[in-house]
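As a plain string of letters, each chain reads:
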Amino acid sequence: MISDANFHIGDKVVYPNHGVGIIEQISSRTMGATVEKFYLLKIKASSLKVMVPFHNVGTVGLRRVVRNGEVQKILDYLMDGECANNTDWKYRFKENSEKMRTGSLLEVAAVLKSLLVLNTSKPLSFLEKKMLECARYLLVSELAMAKNQDEGQVEQMLTKALSKSKLRFPEALPADA
């Protein structure tokens, strides 16, 4: 994965499967004869601090928050994009997990939509419910950051887009689930 790996302090970035973070520091560490440079980012939701070596930025999928053009593609996909589900739980879960790890917000939207479609015909397993909540969180938090809106406004925007596909968010899982 190729990345525009020159981030600056204060940049809003996405760390796949963890969500939006802000680069708080750029530092160097000497390990033996080599000097390694790191980005220190703070993940917004969990206050988790993550150090990402410059040479690993592409590998881990660290990227900038999506821009408005991408936001529209995601909304269009949720409104009427095709989405297929593997009927075998094991394969479906593996495919969805891989999509979540890509860090692509469109892939996260695909997981969200496929699980919502599946949920209309049968109850989701516990792990799929957790994945749906994770996809929902990643989508809402990044779009809120991209559009500079609060998460409630973004939830309404997504709900409206999904309703055009005759889908809706299930009730949120309790935080301790």
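Our structure's up above, just so we're on the same page.
Residues numbered from 1 in each chain as written. Predicted model: local features only at pLDDT ≥ 70, side-chain atom pairs only at ≥ 80, totals over all residues. Heavy atoms only, no water.

Trainee: Which parts of the structure should I look at to understand the packing of aromatic side chains?
Mentor: Remark: the centre distance and the inter-plane angle together describe each pair of aromatic rings, the angle taken between the planes. Scanning the entire structure with this criterion turns up three aromatic pairs. Ring geometry for Y39 against F54: centres 4.4 Å apart, planes inclined by 20°, an arrangement best described as stacked. Here Y39 is found in strand β3 (residues 34–43), whereas its partner F54 is found in the loop between β4 (49–53) and α1 (57–60), with 15 residues between them in sequence. Residue classification places Y39 among the buried residues on the basis of a relative accessible area of 1%. Note on W89 and F93: the rings are 5.0 Å apart at their centroids and 10° apart in plane angle, and the pair reads as stacked. Remark: F93 and W89 occur in helix α3 (residues 89–102); sequence separation between them is four residues, near one turn of the helix. A relative accessible area of 35% means that W89 is categorised as partly exposed. Looking at F93, the relative accessible area reads 21%, which means it is partly exposed. (Phe/Tyr/Trp six-rings, centres within 6.5 Å; stacked < 30°, edge-to-face > 60°. Helix = DSSP H or I, 4+ residues; strand = E, 2+ residues; numbered from the N terminus. Buried < 20%, exposed > 50% of the residue type's maximum accessible area, 1.4 Å probe, protein only.)

Trainee: Could you clarify how one ought to interpret the layout of surface pockets in this entry?
Mentor: Empty space among the atoms becomes apparent when a probe as large as a water molecule is rolled across them. Empty space within the second largest pocket amounts to approximately 150 Å³. For the second largest pocket, the lining is made up of ten residues, of which R63, R64, V65, V66 and E70 are closest to its centre. Contributions of two or more residues to the lining of the second largest pocket are made by β5 (63–64) and α4 (105–121). In the lining of the second largest pocket, the residues fall into four nonpolar, one polar and five charged. (1 Å grid on protein atoms, 1.4 Å probe; cavity = no way out; pocket = protein on both sides within 12 Å on 5 of 7 lines; lining within 4 Å. Points joined across faces, edges and corners; volume = space filled by probe spheres on them. Nonpolar A, V, L, I, M, F, W, Y, C, P; charged D, E, K, R; others polar.)

Trainee: Would you take a moment to explain the sheet that holds β5 for this structure?
Mentor: Where strands meet in a sheet, backbone hydrogen bonds hold them as pairs that are either parallel or antiparallel. In spatial order, the strands read β4-β3-β2-β1-β5; together these five strands make up an open sheet with antiparallel pairing. Here the strands that pair on one side only, and so sit at the sheet edges, are β4 and β5. Summarising the sheet, β3 and β4 pair through five bridges and their orientation is antiparallel. Across the sheet, F38 pairs through a bridge with P53, a residue of β4. Helix α5 (residues 126–147) rests against β1 (12–15), β2 (19–31) and β5 of the sheet, and its axis sits at about 85° to β2. (Pairing = 2+ DSSP bridges. Contact = heavy atoms within 4.5 Å. Axes fitted to C-alpha atoms, helices over the stretch in contact; angles between N-to-C directions.)

Trainee: In this structure, what is going on with the environment of Q25? I would like to understand it.
Mentor: As for its placement among the helices and strands, Q25 is situated in strand β2. Looking at Q25, the relative accessible area reads 39%, which means it is partly exposed. With 13 residues separating them along the chain, Q25 and F38 place their C-alpha atoms 8.2 Å apart. When residues no more than four places from it in sequence are discounted, the contact partners of Q25 are I9, F38, Y39 and L40.

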